[in-house]
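# Observations on chain architecture
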Amino acid sequence: MPALTMDQVRQLNSYSIYTTEPKRSLFTLADIHKDFYHTDFLQLMMGITDAATETAAISHFSRRYGMFFAMQFYMLTAYDEVWDAKPLEIRFDAAKEFGAFTVSMFVNPNDWRYVDEDERQAVIEKILYDAHVIVQQLRKVTSISPLTIWENFFGYLLWHYHTLLSNPGLADQAMEDIEILEDPKTWARFSNKSWWAEYTSKRSPSDLINIPVRKTCCFSKDIPGLMACGFCPLKK
């Protein structure tokens, strides 16, 4: 498996994904797969974020996981690499960013591998299915729309694809990966439609950067220290 370059590590760090050892491990992604852990997880997220509602706390976590979700696609397009380890290997710790408490992710830099062209479709399908499992588990923790969670994931991905499409050396590969994401067959394991195509209406990410795209509120307005989303559909 390839070791990440310093540039790749910096890119991950910019999205609060670290390759160092955390001071402590509050929980792992594997814990969220356990129904009996959900009460403790909710209390933990409520305590870390001081969120006004349970939905806001869990939406906030999904935005943090969304950083990792989106970076999977960025790394795939830019480097033909994908994270390939077990959920137990993704650890979370409390962190303070811009004066507000949140959670950061910690991963092993040796857990990425190269992706062959003939397995690209299958790799994307697996990333999406793994995300679907997380969506289902988070919905067991508290009442939250699956669309809200997927839109939390897609917000970061939209920016990444805009960046990749702006790079002449990566634009063709980015377009190919977007076409795979838009294909309902890629989602067939758990959905009869492409949630990404629904989100973008199959428009280029670069056309959507500065306009409202999402249909649901991310509830960042209910987290102390965070500003309301500038593109909130509830904004009058």
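The structure under discussion appears in the preceding block.
The structure contained in this document is the topic of the report that follows. (Residues numbered from 1 in each chain as written. Predicted model: local features only at pLDDT ≥ 70, side-chain atom pairs only at ≥ 80, totals over all residues. Heavy atoms only, no water.)

As a further point, take the overall build of the protein chain. Summing up its helical and strand segments, the protein chain has nine helices and six strands in all. Since a compact globule built from 236 residues should have a radius of gyration of about 18 Å, the 17 Å found for the protein chain is in line with a globular shape. Here the protein chain holds 236 residues, and the buried ones make up 53% of them. Across the protein chain, every contact between residues at least 6 apart in sequence was considered, and the portion connecting residues at least 24 apart equals 68%. Accessible surface, the protein chain: about 11300 Å² in total, of which carbon and sulfur atoms supply 53%. Charge separation in the protein chain, taken as the distance between the mean sites of 24 positive and 30 negative side-chain charges, equals 8 Å. (Helix = DSSP H or I, 4+ residues; strand = E, 2+ residues; numbered from the N terminus. Rg over C-alpha atoms; globule rule 2.2 N^0.38 Å. Buried < 20%, exposed > 50% of the residue type's maximum accessible area, 1.4 Å probe, protein only. Contact = heavy atoms within 4.5 Å. Areas by Shrake-Rupley, 256 points an atom, 1.4 Å probe, with all protein chains shown as cover. Lys, Arg positive; Asp, Glu negative; His and termini not counted. Charge placed at Lys NZ, Arg CZ, Asp CG, Glu CD.)

If you trace the backbone, H60 turns up in helix α4 (residues 54-79). In contact with H60, other than residues within four places in its own chain, are M45, T49, T102, I223 and L226.

Here the focus is the pairing of strand β5 (residues 100-106). The buried fraction of β5 amounts to six of the seven residues, a majority that puts the element mostly inside the structure. As paired strands, strand β1 (residues 17-18) and β5 are joined by two bridges and run parallel to one another. Looking across to β5, one finds that Y18 is bridged to F106. Bridge count for strand β4 (residues 91-97) against β5 is seven bridges, and the pairing is antiparallel. Across the sheet, the residue bridging to R91 is F106, located in β5. Counting the residues in the hairpin turn of β4 and β5 gives two residues, including F98, whose phi is positive at 55°. (Pairing = 2+ DSSP bridges.)

A few words on the pattern of salt bridges. Between side chains of opposite charge, pairing is possible as soon as their charged atoms come close. Under the definition given, this model contains 15 salt bridges. Close ionic contact of D7 with R10 constitutes a salt bridge, the shortest N to O distance being 4.0 Å. Of the two residues, D7 and R10 both sit in helix α1 (residues 6-13), three residues apart, roughly one turn of that helix. Using a relative accessible area of 35% as the deciding quantity, one classes D7 as partly exposed. One salt bridge in this structure joins D93 and R24, with 3.0 Å as the shortest N-O distance. With D93 in strand β4 and R24 in the loop between β1 and β2 (27-28), the pair connects residues that are 69 residues apart, well separated along the chain. Judged by relative accessible area, which is 4%, D93 ranks as buried. Relative accessible area serves as the criterion here: at 43%, R24 is assigned to the partly exposed category. (Salt bridge = Lys/Arg side-chain N within 4 Å of Asp/Glu carboxyl O.)

Coordinates in, geometry out; function isn't part of it.
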